[in-house]
Amino acid sequence: MTRLKGMTWSHPRGYDPMVACSALWAEKTGVQIDWDKRSLQDFESFPVEELARAYDLIVIDHPHVGQITQEGCLAPLDLPGREAELAALAAGSVGASYPSYNWQGRQWAFPIDAATQVLAWRPDLIATAPATWAEVLELARAGRVLLPLRPPHSLMCFYTLAGNLGTPCRTEGELIGAEDGARVWEALRELADLVPEACATQDPITVFEQMAAEGSRYAVAPLIYGYVNYAIAGFRPHLIRFADIAVAGETGPVGSALGGTGIAVSAFSKAREAATDFAFWVAGAEVQRGSFAAAGGQPGHAAAWEDDGVNTATAGFYRDTRSTLEGAWVRPRHNGYMAFQEAASQRITAGLLAREAAGPVVTDLNTLFRQSFG
C-alpha cells in the first residue's frame, strides 16, 4: 500500500478537509495520506524546501512560487496527457487563484482554498454591512471595529487599501509612489488609530474569536481574510457574516490582497505520481463543492462558490464576497519576496503603533522592496 505524507496549516479550515478527503481517496485508490499541520504564523514563514524534503504533498501560499522555482523543490503539475484536466481547473478559477500559482510558464500548485481580504460583520449587532469606508470609520469611532495588524496582515491591509483607492502596489521596480503611498498610509493610520492597540498583535483568527465571543461588542472587521467556518451556525457562540470590502475609492470592491492556498507536490517525493493524482482530484469541481466544503474547507473552485447548498450552509459566504475575490490583486512572487513581506509588515505595524508620518514609512517600504530583488 502506498502511504504519503502531507503538510497543511493548523486550523479547521486548513486541516479538516484534507483529512476527510484523504479518507475518501484511500477508499477509492488504496493510497493513504497522513497529514501534519503547522501554526498559521509558522505556515506563512517556514522554508518550503524543508517541507518538500519531508513531505509528498504541501499546502502553499502563492507568493512562494518564485522561491520554489529557484530552489527546485516542487514538481510542476502541468503534465503532458492531462491537458483537459488542467483546462477544467483553470476554468474553475475564482478570480486569479489558479494563475497565481503559475510562474515562469509552469503550474506549481492547484488552488484548493480561495480567499482574499473581505469585510466581516455581526448581523446580530448591526443591521447591514458597511458599504463605504466612511461608514467603517463611523463604526470605528464608536468602538465597534477590529483590524488584524499583526504581521503580515498589516501589509495586506496596506495592499488592499492601495488597490481599492485606485493605486495598486507594483510587483517590480518601486512598490508605490510617494504621493500614492502617503494617501494609503493616511487612510490606514486613521483607522488604526481608532481600533484597540491590541490589534497590532492580532491575526484574523484572533479577531474572529473575539468578534464571535459571548458579550463582544465588536461588529465589524473591514479588512480581513475570510474564514468560512465562522459563517457556519454553531461553530462559535455568534455567527459572523461576510461581505465585499467597503469601498474606499471609486471603482468598487477591487484591489484586495489575494490569499488562499494551493496543493503542491514535492520534487523529492518517491511517490510523485500518486501525490499528483491526489492533487488533481482534490482540486477538482466535484470534490471541492462536495466533501471538501462539507468538511469545513473553503473551496478554491468556482463550482463550490456558485453552489446553492454550499452557500446556504455558510450564510451566503461565497456569493456575498465573490466580487471582491474576482477583483483581487496578486502579490509579488519573485524569489526574495517572502523576506520583503516579513520586513515590510514589521515596518508598517511599528509605524502604526508609533503614529509615524507617511514619508519615512513609504520610503522604507520602497527601499525594502528594491532590495528584495537582490
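Look above for the structure.
Since the structure is predicted, the reported quantities are computational estimates derived from the model, not experimental observations.

### What about the packing of helix H1 (residues 12–29) against helix H11 (residues 285–294)?
Thinking step 1. H11 packs onto H1 with a crossing angle of 110° between their chain directions and a minimal axis gap of 9 Å. As far as their axial angle goes, H11 and H1 are roughly perpendicular. Where H1 abuts H11, its residues Pro 17, Met 18, Cys 21 and Leu 24 lie against Val 287, Ser 291 and Phe 292.
Thinking step 2. Residues of the contact of H1 with H11, tallied by class, amount to six nonpolar, one polar and no charged.

### Looking at the nonpolar core
Thinking step 1. Core analysis: the biggest nonpolar cluster contains 110 residues, and Phe 110, Tyr 159 and Ile 263 have the highest contact counts within it.
Thinking step 2. Residue contributions to this core peak at eight residues, all from helix H10 (residues 272–283).
Thinking step 3. Ignoring any residue separated from it by four or fewer positions in sequence, one finds Tyr 159 in contact with Cys 169, Leu 175, Gly 255, Ala 257, Trp 329, Arg 331, Pro 332, Tyr 337 and Phe 340.
Thinking step 4. Counting 17 residues, the second-largest nonpolar core is a separate cluster that includes Ile 60, Val 65, Trp 103 and Ala 109.

### Describing the pattern of salt bridges
Thinking step 1. A complete count under the given rule lists 19 salt bridges for this structure.
Thinking step 2. For the salt bridge of Asp 78 with Arg 106, the shortest nitrogen-to-oxygen distance reads 3.0 Å. Here Asp 78, found in the loop between strand E4 (74–75) and helix H5 (83–91), pairs with Arg 106, found in strand E6 (residues 106–107); they are 28 residues apart in sequence, far enough to count as distant.
Thinking step 3. On the basis of relative accessibility, which here comes to 22%, the residue Asp 78 falls in the partly exposed class.
Thinking step 4. Each of Arg 82, Glu 85 and Asp 277 takes part in one network of salt bridges that share partners.

### What to know about the packing of H10 against H11
Thinking step 1. Here H10 crosses H11 at 70°, and the two axes come no closer than 5 Å. By the angle between their axes, H10 is roughly perpendicular relative to H11. Within the contact between the two elements, H10 uses Trp 281, Val 282 and Ala 283 and H11 uses Ala 285, Val 287, Gln 288 and Phe 292.
Thinking step 2. The residue inventory of the contact of H10 with H11, partitioned by class, reads six nonpolar, one polar and no charged.

### Observations regarding the packing of aromatic side chains
A ring pair, where both rings are aromatic, is described by two values, the distance of the centres and the angle of the planes.
Thinking step 1. Across all of its chains, the model carries 19 aromatic pairs by this definition.
Thinking step 2. Where Trp 9 meets Tyr 227, the ring centres are 6.0 Å apart and the plane angle is 85°; that geometry is what we call edge-to-face. Residue Trp 9 is located in strand E1 (residues 3–9), and its partner Tyr 227 is located in the loop between strand E9 (220–225) and strand E10 (241–243); the two are separated by 218 residues in the primary sequence.
Thinking step 3. Note on Tyr 227: relative accessible area 4%, which makes it buried.
Thinking step 4. Ring geometry for Tyr 230 versus Phe 235: centroids 5.0 Å apart, planes at 90°, classification edge-to-face.
Thinking step 5. Classification of Phe 235 by relative accessible area gives partly exposed; the value is 23%.
Thinking step 6. Taken together, the ring pairs connect Trp 9, Phe 208, Tyr 227, Tyr 230, Phe 235, Phe 242, Trp 305, Phe 317 and Tyr 318 into an aromatic cluster.
Thinking step 7. Geometry around Tyr 227 places Arg 13 over its ring, the cationic atom sitting 4.4 Å from the centre.

### As for the layout of surface pockets
Thinking step 1. What the second largest pocket holds in volume is close to 150 Å³.
Thinking step 2. Residue lining of the second largest pocket: Leu 149, Ala 192, Asp 193, Val 195, Pro 196, Glu 197, Cys 199, Ala 200, Thr 349, Leu 352, Leu 353 and Arg 355, and that is the complete set.
Thinking step 3. Looking at which element gives the most residues to the lining of the second largest pocket, the answer is helix H15 (residues 337–353), with three residues.
Thinking step 4. Broken down by class, the residue content of the lining of the second largest pocket amounts to eight nonpolar, one polar and three charged.

### Quick notes on the pairing of E9
Thinking step 1. Across the six residues of E9, six count as buried, placing the element largely inside the fold.
Thinking step 2. Two elements, strand E8 (residues 117–121) and E9, share four bridges in a ladder whose sense is antiparallel. When the bridges of E9 are listed, Trp 121 appears paired with Val 220.

### Brief notes about the pairing of E1
For a regular strand, the rule is simple: side chains alternate between the two faces of the sheet.
Thinking step 1. Burial analysis of E1 places five of its seven residues in the buried class, which makes it a mostly covered element.
Thinking step 2. Sheet topology note: the E1/strand E2 (residues 32–38) ladder contains seven bridges and is parallel. Of the residues in E2, the one forming a bridge with Leu 4 is Ile 33.
Thinking step 3. Between E1 and its parallel partner E2, the chain crosses via H1, and the hand of that crossover is right-handed.
Thinking step 4. By the bridge criterion, two bridges tie E1 to strand E3 (residues 57–60) in an arrangement that is parallel. Its bridge partner lying in E3, Met 7 is registered against Ile 58.

### Regarding unusual backbone geometry
Thinking step 1. Cis peptide bonds are those with omega within 30 degrees of zero, and the linkage from Pro 151 to Pro 152 qualifies with 10°.
Thinking step 2. At Gln 104, a position not held by glycine, the phi torsion is positive, near 50°.
Thinking step 3. Counting through the fold element by element, Gln 104 comes out in the loop between strand E5 (102–103) and E6.
Thinking step 4. When its relative accessible area of 63% is taken as the criterion, Gln 104 is described as exposed.
Thinking step 5. Its identity is not glycine, yet Arg 355 carries a phi of approximately 55°, on the positive side.

### Thoughts on the environment of Ile 112
Thinking step 1. Tracing the sequence through the fold places Ile 112 in strand E7 (residues 110–113).
Thinking step 2. Overall, Ile 112 belongs to the buried group, its relative accessible area being 2%.
Thinking step 3. Excluding its chain neighbours within four sequence positions, the residues that come into contact with Ile 112 are Met 18, Val 59, Thr 261, Gly 262, Ile 263, Val 282, Ala 283, Gln 288, Phe 292, Gln 298, Pro 299 and Gly 300.

Criteria and cut-off values
- Residues numbered from 1 in each chain as written.
- Predicted model: local features only at pLDDT ≥ 70, side-chain atom pairs only at ≥ 80, totals over all residues.
- Heavy atoms only, no water.
- Axes fitted to C-alpha atoms, helices over the stretch in contact; angles between N-to-C directions.
- Helix = DSSP H or I, 4+ residues; strand = E, 2+ residues; numbered from the N terminus.
- Parallel < 35°, antiparallel > 145°, perpendicular 65-115°, else oblique.
- Contact = heavy atoms within 4.5 Å.
- Nonpolar A, V, L, I, M, F, W, Y, C, P; charged D, E, K, R; others polar.
- Core = buried A, V, L, I, M, F, W, Y, C linked by side-chain atoms within 4.5 Å.
- Buried < 20%, exposed > 50% of the residue type's maximum accessible area, 1.4 Å probe, protein only.
- Salt bridge = Lys/Arg side-chain N within 4 Å of Asp/Glu carboxyl O.
- Phe/Tyr/Trp six-rings, centres within 6.5 Å; stacked < 30°, edge-to-face > 60°.
- Lys NZ or Arg CZ within 6 Å of the ring centre and 35° of its normal.
- 1 Å grid on protein atoms, 1.4 Å probe; cavity = no way out; pocket = protein on both sides within 12 Å on 5 of 7 lines; lining within 4 Å.
- Points joined across faces, edges and corners; volume = space filled by probe spheres on them.
- Pairing = 2+ DSSP bridges.
- Right-handed = clockwise from strand over helix to strand, strands pointing away.

What is shown is where atoms sit, not what they do.
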